[in-house]
Amino acid sequence: QVQVVESGGGLVQAGGSLRLSCTASGLTFDAADMGWFRQAPGEERTGISCISSRSSIRYYSNSASVRFAVSRDNALNTMYLQMNNLKSEDTGMYYCAPVSMFWDYCRARSNFTTWGQGTQVTVSS
């Protein structure tokens, strides 16, 4: 039912910047909280940043709180992640998904299974 497409990743040097995009369909986008996740080889998928449906609430993991900024344009059904001062530890496959937001964390909706292909971010040091 829900389809998401991630884009904007690439290979960058430490200290560089990237802007990721996530376009969603099959849901009422302006009523859906959305989030970004990162997965490195051999590791579990970890929440990086989430944003509420009307952008009133934003969540960042400890590693992303200073250097990253999440935003969205509901008219375009698109969520963004601006990543600045990238570090090698940011390397991984980045995915997006509709999420459930709690007091100080968020997770993918329990009924969401249609993960996209992701977009690869590689930071060289």
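Above this text is the structure in question.
Keep in mind the model is a prediction, meaning the values are calculated, not measured.

Caption draft 1: Seen up close, the packing of aromatic side chains. Within the structure shown, the criterion is met by four aromatic pairs. A centroid spacing of 4.8 Å and a plane angle of 15 degrees characterise the contact between F102 and Y105, whose relative ring orientation is stacked. F102 sits in the partly exposed class, given a relative accessible area of 43%. Of note, R19 hangs over the ring of Y80, and the distance from its end group to the ring centre comes to 4.4 Å.

Caption draft 2: Here's a closer look at the pattern of salt bridges. For the structure on display, the rule yields two salt bridges. Linking D90 and R38 is a salt bridge whose minimum nitrogen-to-oxygen distance equals 3.9 Å. Highlighted residues: D90 in the loop between β8 (78-83) and β9 (92-101) and R38 in strand β4 (residues 34-39), separated in sequence by 52 residues. Given the relative accessible area of 16%, R38 is considered buried. Between D90 and R67 there is a salt bridge; the shortest N-O distance is 2.8 Å. Note that D90 is positioned in the loop between β8 and β9 and R67 in the loop between β6 (58-60) and β7 (68-73), a separation of 23 residues in sequence. The residues D90 and R67 share a single accessibility class, namely buried. Each member of the salt-bridge network shares a partner with another, and the members are R38, R67 and D90.

How each quantity is defined
- Residues numbered from 1 in each chain as written.
- Predicted model: local features only at pLDDT ≥ 70, side-chain atom pairs only at ≥ 80, totals over all residues.
- Heavy atoms only, no water.
- Phe/Tyr/Trp six-rings, centres within 6.5 Å; stacked < 30°, edge-to-face > 60°.
- Buried < 20%, exposed > 50% of the residue type's maximum accessible area, 1.4 Å probe, protein only.
- Lys NZ or Arg CZ within 6 Å of the ring centre and 35° of its normal.
- Salt bridge = Lys/Arg side-chain N within 4 Å of Asp/Glu carboxyl O.
- Helix = DSSP H or I, 4+ residues; strand = E, 2+ residues; numbered from the N terminus.

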